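An overview of the molecular structure
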Amino acid sequence: MTVTIVGSQLGDEGKGALVDLWGGDADVVVRYQGGDNAGHTVVEGGEEYALSLVPSGAVRGKVGVLGNGCVVNPRTLFEEIGTLRERGLEPDVRVAKRAHVIMPYHRRLDGIEEEAKADSDSGLEVGTTGRGIGPTYEDKAGRRGVRVGDLLDPDVLRERLEYAVPQKRALVEDVYGLDVGEELDIDALHEEYAEFGRRLREEGMAVNCSDFLHDRRESGDNVMFEGAQGTLIDVDHGSYPYVTSSNPTAGGAATGTGVGPTVTGRGEVVGVVKAYLSRVGEGPMPTELDGDEREETLASDIREKGGEFGTVTGRPRRIGWLDVPMLRHAARVNGYTGIAVNHLDVLGGLDELKVGHAYDLDGEERLSLPATTERWAECEPVVREFDPWEAFDVAAVAEEGYEALPAAARDYLEYLEGQLDTPVYAVGVGPDREQTVVRTNPWE
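Residues numbered from 1 in each chain as written. Predicted model: local features only at pLDDT ≥ 70, side-chain atom pairs only at ≥ 80, totals over all residues. Heavy atoms only, no water.

1. Thoughts on the packing of helix H12 (residues 324-334) against helix H15 (residues 407-420)
- Relative orientation of the contacting elements H12 and H15 amounts to 50°, with a least axis distance of 10 Å. In this view, H12 runs oblique relative to H15, as classed from their interaxial angle. Crossing of H12 over H15 shows right-handed handedness. Contact residues: H12 offers Val 324, Leu 327 and Arg 328, while H15 offers Tyr 415, Leu 416, Gln 419 and Leu 420.
- Its residues assigned to classes, the contact of H12 with H15 shows 5 nonpolar, 1 polar and 1 charged. (Axes fitted to C-alpha atoms, helices over the stretch in contact; angles between N-to-C directions. Helix = DSSP H or I, 4+ residues; strand = E, 2+ residues; numbered from the N terminus. Parallel < 35°, antiparallel > 145°, perpendicular 65-115°, else oblique. Left-handed = near helix turned anticlockwise from the far one by under 90°. Contact = heavy atoms within 4.5 Å. Nonpolar A, V, L, I, M, F, W, Y, C, P; charged D, E, K, R; others polar.)

Structure representation (structure tokens):
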């Protein structure tokens, strides 16, 4: 059995909480794309764990795998593992030998290139986290990357560095006219990353991901696939160029781990939806609350109540009403069997409540996104108003179940079910695992 957890919006939907909740029935939890730019916050027993690379299942004692579709910063990986151990956990993390490695020069180039875009007045700056994700995927596509398997053999690692580093040095010095440091020192890089390779080898962490998952499934294990970011940040299906450099959508679970699409296709695909919309960084957001003072106050209230600040960066997120055309696009691209709606409690007590039901584009009503970001930016939301509901007792609702939700909140959820033709499997009414109302367990 497999369950794939996918973000339905612009990231930050609370995927980690669902992976943590349903990860109890999984034996292996696999990240299939992204790197340490993707924050997952897991709360258990009042304890909060902020993870940026280690799969969320580690908090539940599950085997965590970083698939070949991931880009891995060994510094972050071993730092997070060390922090979890200090807090009394023993994370079992495996890393695909085919996964690419984020090198220090990738991080340097990420900052340089983003700054250059900002200075050019091109409007193409993405608002990256500066963690080297894009440049690492660029090297992967350009066939000049360093992979986890290369770290295991010091001779191979040196060959890779001697090919790649002079190119990066020339880019920094000759193109951008900047000085270089240890991030482009072959000897220093080789020493540090060969040591990471030794640790990976001695701790048995490096695996052939496809073989490993095949063997675990053959032995009867349940496997959960965990996507980072969200559908609208997918490099192929998102709001390009304001996207990440990989595929958070459900199809990425197959290519990013080495299992066949018939494997993930026979399982469940659950889309995680935040009950409103948030975004970090640049790009269109038709339902954004940024107009008059009233809207800005609403956005501020939702931001504070929902804790809408980036897990990795701490940046305040932009806030908007739920964008239903975006969700229709996500449901089609991912093929959801169910959705989980988080942060419903945050909407309790508002004076008004709306959703972006459709778009108006050149006088025509559109129920889904245009293909280009430029046209999406021209869309005006066609809003639908809902009766607001009072703030409710989260503990009581979590204990008593779906019917304990206010009637107006249930109407809101059932509207979503109808628009997406997809049942609501779970409703998050608080950050803790016990504060999710489960209607359907995807493993059953």
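2. Details of the nonpolar core
- By size, the foremost hydrophobic cluster in this structure holds 98 residues, and its most contacted members are Leu 77, Leu 405 and Tyr 412.
- If one sorts the elements of this core by residue count, H15 sits on top with 7 residues.
- Once you skip the residues sitting within four places of it in the chain, Tyr 412 turns out to touch Ala 275, Leu 322, Leu 344, Leu 347, Leu 353, Val 355, Phe 386 and Trp 389.
- Counting 15 residues, the second largest nonpolar core, distinct from the first, contains Val 3, Ile 5, Leu 18 and Val 29. (Core = buried A, V, L, I, M, F, W, Y, C linked by side-chain atoms within 4.5 Å. Buried < 20%, exposed > 50% of the residue type's maximum accessible area, 1.4 Å probe, protein only.)

3. Quick look at H15
- Taking 1.5 Å of rise per residue, 14 residues should cover 20 Å, and H15 covers 20 Å from first to last C-alpha, within 8% of that figure.
- Among the residues of H15, Ala 408, Ala 409, Arg 410, Tyr 412, Leu 413, Tyr 415, Leu 416, Glu 417 and Leu 420 are the ones counted as buried.
- For H15, the secondary structure elements touched by its buried residues are strand S14 (322-323), H12, strand S15 (338-342), strand S16 (353-361), strand S18 (380-386) and strand S19 (424-428).
- With its phi angle positive at about 50°, Asp 421 sits one or two positions after the end of H15. (Expected span 1.5 Å × (residues − 1).)

4. A closer look at a negative patch on the surface
- A contiguous patch of negative charge, built from Asp 360, Glu 364, Glu 365 and Glu 380, is present on the exposed surface.
- Here Asp 360 lies in strand S16. (Patch = residues over 30% accessible without salt bridge, like charges linked within 9 Å, V, L, I, M, F, W, Y side chains within 5 Å. Areas by Shrake-Rupley, 256 points an atom, 1.4 Å probe, with all protein chains shown as cover. Salt bridge = Lys/Arg side-chain N within 4 Å of Asp/Glu carboxyl O. Lys, Arg positive; Asp, Glu negative; His and termini not counted. Charge placed at Lys NZ, Arg CZ, Asp CG, Glu CD.)

5. Topic: unusual backbone geometry
- Each neighbour pair has its own omega, and for Tyr 240 with Pro 241 the value is 10°, a cis peptide bond.
- Topologically, Pro 241 is positioned in the loop between strand S10 (223-226) and helix H9 (252-255).
- Unusually for a residue other than glycine, Asp 12 sits at a positive phi of about 65°.
- Here Asp 12 falls in the partly exposed class, since its relative accessible area comes to 24%.
- One non-glycine residue, Asp 362, lies in the positive phi region at around 55°.
- Examined against the element boundaries, Asp 362 turns out to sit in the loop between S16 and strand S17 (364-366).

6. Quick look at the environment of Asp 432
- Structurally, the position occupied by Asp 432 is in the loop between S19 and strand S20 (436-438).
- The class for Asp 432 is buried, based on a relative accessible area of 13%.
- Through-space distance from the C-alpha of Asp 432 to that of Gly 46 is 7.0 Å; in sequence the pair is 386 residues apart.

7. Details of the pattern of salt bridges
- Inspection of the entire model under this criterion finds 28 salt bridges.
- Linking Asp 221 and Arg 216 is a salt bridge whose minimum nitrogen-to-oxygen distance equals 2.5 Å.
- Its salt-bridge partner being Glu 352, residue Arg 294 comes within 2.5 Å of it at the nearest N-O pair. Taken together, the positions of Arg 294 in helix H11 (residues 293-306) and Glu 352 in the loop between S15 and S16 put the pair 58 residues apart, joining distant regions of the chain.
- Accessibility expressed as a relative area gives 42% for Arg 294, which makes it partly exposed.
- Among the ionic contacts, a cluster of salt bridges with common partners joins Asp 12, Lys 274, Glu 308 and Arg 317.

8. Some words on the side chain of Lys 274
- Examined against the element boundaries, Lys 274 turns out to sit in strand S11 (residues 268-274).
- Note on Lys 274: relative accessible area 1%, which makes it buried.
- At 2.6 Å, the side chain of Lys 274 forms a polar contact with the backbone oxygen of Asp 12.
- The contacts of Lys 274, once residues within four sequence positions are left out, are Gln 9, Asp 12, Glu 13, Glu 308, Arg 317, Leu 322, Asn 342 and His 343. (Polar contact = N/O pair within 3.5 Å; in protein donor to acceptor, adjacent residues only side chain to side chain.)

9. Observations concerning the state of the cysteines
- Throughout the structure, instances matching the rule amount to 0 disulfides.
- Summary of cysteine pairing: Cys 70 is not part of a disulfide, and the nearest cysteine sulfur, belonging to Cys 209, is at 8.4 Å. (Disulfide = S-S within 2.5 Å.)

10. Digging into the packing of aromatic side chains
- A complete count under the given rule lists 5 aromatic pairs for this structure.
- Pairing Phe 386 with Tyr 412 gives two aromatic rings, centres 5.4 Å apart and planes at 75°, and the pair type is edge-to-face. Taken together, the residues span a long stretch of sequence, with Phe 386 in strand S18 and Tyr 412 in helix H15 at a distance of 26 residues. In this structure, Phe 386 and Tyr 412 share a single accessibility class: buried.
- Measuring from ring centre to ring centre gives 5.0 Å for Phe 386 and Tyr 415, while their planes differ by 65°; the resulting arrangement is edge-to-face. (Phe/Tyr/Trp six-rings, centres within 6.5 Å; stacked < 30°, edge-to-face > 60°.)

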